Amino acid sequence: VKPRALAPSLLLLGLISLATGGPLTDRDPNEEHRARRLALAVGMVEGTLVLTGAPAGDYRDRIPEPNLFYLTGLTDADTTLVLTVSKPPADESGRSKPPTLLERLYLPPASPRRERWEGPFLHPGPAAAKATGIDDTRPKGVLIEDLLKLPEGSRLYLLDPRNPPRALAPLLRHRPDLDLLPARSLLAPLRSVKSEGEVARIRKACELTAEGLRACYAQCRPGMFEYELQALLEFHCRRGGAPRQAFASIVASGLNGTVLHYQANRRRIEDGDLVLMDVGAEHLGYAADVTRTFPANGRFTDEQARIYDVVLAAQKAAIDRVKPGVTLRTIHLAADAVIEEAGLSSGRMHATSHHVGLEAHDPSRGGPLAKGMVITVEPGLYFPEQGLGIRIEDTVVVTEEGCDVLSAGVPKTRAEIEALMAVGNAARAPGK
Ligand code: GLY
Ligand code: MN
Ligand code: MN
């Protein structure tokens, strides 16, 4: 796609955002979304993709469908994107013609009453077409009617054909001839290489998370409840503009630190505990995923220090391996070698890396890393008998030569952590 009309469309989006504060704030330029749809169309060969926002429901925070957001920048639950790729027959001379891509957006109908209650939303018409760069916008009520016209035996791409959106039930009932194919595996390779704009968003999510974690270093003391640190961390993320966390915050003290998916965050933190915080802000749709482990009272015990330094050394060895061409397995083995060398293999529980992007656990195409991919490096050791769980996790972007640690704003050596915690403790000391 040509970068044509980039500036005017940015200006237009800016104006719309100002005017409505509504459904179109903080989108990438339409051209970028269009380029992603074209790339997807190449992988589709021929067929129709139907991608629906997460179903609208009660008043709880709704998480936008990440693939719909990736392809359109839209977060509205009530939106369906339909892409049809067709191969025109060859002309008389036998020359094949390039495939064509037909794009449609199905939106809820205009409703002044709903707008009165909920504020502006996108509805079919020229304004939506202009705002999204998708010319053909239609009321969602005609979606099934339109799809019923698909030619006999067409390929129908759904995110997960085993779990089709409920709204498509009437179509699937009437059209058993459609050949259902998974779209997820076509989207994963596209999503796994991030643009500079995407990396900037992840970096900002990491910065907000780092700010929160530094505040936790400064404020933590025995007697606090885990949820107090959660509140402090999330306050810093929200204040920086994060609409939500990218995943449920884990604030795990003592024995809880050995429970990988602990999320209750209800325990009172005791003197002598380690506190493991696995947290990440969401920023403009993109996730951070960062873990730090620190002593509740500001000083590591000798035993905690010994194991902490092994995890940190394992993480450093792994981060040093990250570069284009390397697999996640190689990175994992680098961390593992350090842990094994220290004789602590019995404390291992999980893999060392996963991709990060619109989701904290982002899909990937597998295989070797490439420049622009974003992954975590997160070795951990867990010894329930000792009530000791330690994980150190950073989000890093693969660069030409190696990687850049996006969450470097949260110190992780023992000396740095103890120094930051000492400043916090001094500020709270009696007489101050
Ligand atoms: N927060 C989940 C993970 O670290 O993979
Ligand atoms: Mn994590
Ligand atoms: Mn992770």
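Summarised in this report is the structure supplied together with it. (Residues numbered from 1 in each chain as written. Chains lettered and ligands numbered in written order. Predicted model: local features only at pLDDT ≥ 70, side-chain atom pairs only at ≥ 80, totals over all residues. Heavy atoms only, no water.)

Section: the coordination of the manganese ion (ligand 3)
The protein atoms that coordinate the manganese ion (ligand 3) are Asp 289 (OD), His 354 (NE2), Glu 378 (OE) and Glu 393 (OE), at distances spanning 2.0 to 2.2 Å. Around the manganese ion (ligand 3) sit six donor atoms; with metal-centred angles ranging over 52 to 156°, the donor geometry is irregular. In this structure, the manganese ion (ligand 3) lies 3.2 Å from the manganese ion (ligand 2), and both are coordinated by Asp 289. With Asp 289 in the loop between strand S10 (286-287) and strand S11 (290-295) and His 354 in the loop between helix H12 (328-341) and strand S12 (374-377), the pair connects residues that are 65 residues apart, well separated along the chain. (Donors = N, O, S within 2.8 Å, 3.2 Å for Na, K, Ca; no water. Tetrahedral: all angles 85-135°; square planar, octahedral: opposite > 155°, others 65-115°. Helix = DSSP H or I, 4+ residues; strand = E, 2+ residues; numbered from the N terminus.)

Some thoughts on empty space enclosed by the protein
Here the structure, examined in full by the defined rule, presents two cavities of 30 Å³ or more. There is about 60 Å³ of room inside the largest cavity. With four residues, H12 is the largest single contributor of residues to the lining of the largest cavity. Classifying every residue of the lining of the largest cavity gives five nonpolar, four polar and three charged. Approximately 30 Å³ is the volume attributed to the second largest cavity. Forming the walls of the second largest cavity are Asp 28, His 33, Arg 36, Phe 69, Tyr 70, Arg 201 and Tyr 286. Elements with a minimum of two residues in the lining of the second largest cavity: helix H2 (30-44) and helix H3 (66-72). (1 Å grid on protein atoms, 1.4 Å probe; cavity = no way out; pocket = protein on both sides within 12 Å on 5 of 7 lines; lining within 4 Å. Points joined across faces, edges and corners; volume = space filled by probe spheres on them. Nonpolar A, V, L, I, M, F, W, Y, C, P; charged D, E, K, R; others polar.)

Observations regarding the site of ligand 1
The environment of ligand 1 is formed by Phe 247, Asp 278, Asp 289, His 354, His 361, Glu 378 and Glu 393. Between Glu 378 and ligand 1, the recorded distance is 3.1 Å, taken from a side-chain N or O atom to an oxygen atom. For ligand 1, an oxygen atom lies 3.2 Å from a polar atom in the side chain of Glu 393. Taking 200 Å² as the accessible area of ligand 1 by itself, protein coverage stands at 83%. Across the shell around ligand 1, the residue classes break down as one nonpolar, two polar and four charged. (Near = heavy atom within 4 Å. Polar contact = N/O pair within 3.5 Å; in protein donor to acceptor, adjacent residues only side chain to side chain. Areas by Shrake-Rupley, 256 points an atom, 1.4 Å probe, with all protein chains shown as cover.)

Focus: the sheet that holds strand S5 (residues 155-158)
Sheet architecture is open: six strands sit in the order S4-S3-S2-S1-S5-S6, paired in mixed fashion. Each edge of the sheet is formed by a strand with only one pairing partner; in this case those strands are strand S4 (136-139) and strand S6 (179-182). Neighbouring strand axes in the sheet, compared pairwise and without regard to direction, differ in orientation by 25° on average. In this structure, S5 lies alongside S6, joined through four bridges in parallel fashion. Its bridge partner lying in S6, Leu 156 is registered against Leu 180. (Pairing = 2+ DSSP bridges. Axes fitted to C-alpha atoms, helices over the stretch in contact; angles between N-to-C directions.)

Re the coordination of the manganese ion (ligand 2)
Taken together, Asp 278 (OD), Asp 278 (OD), Asp 289 (OD) and Glu 393 (OE) make up the full set of protein donors to the manganese ion (ligand 2), lying 2.0 to 2.6 Å away. The site at the manganese ion (ligand 2) holds six donor atoms, and with the angles between them running 55 to 170°, its shape is irregular. One chain supplies every donor to the manganese ion (ligand 2), and in sequence these donors are spaced D-x10-D-x103-E.

Observations concerning the pairing of strand S15 (residues 394-398)
Summarising burial for S15: five of the five residues are buried, a large majority. Here S15 shows two buried faces, one formed by Asp 394, Val 396 and Val 398 and the other by Thr 395 and Val 397. Judged from the four bridges that link them, S12 and S15 form a sheet pairing that is antiparallel. Across the sheet, Thr 376 pairs through a bridge with Thr 395, a residue of S15. (Buried < 20%, exposed > 50% of the residue type's maximum accessible area, 1.4 Å probe, protein only.)

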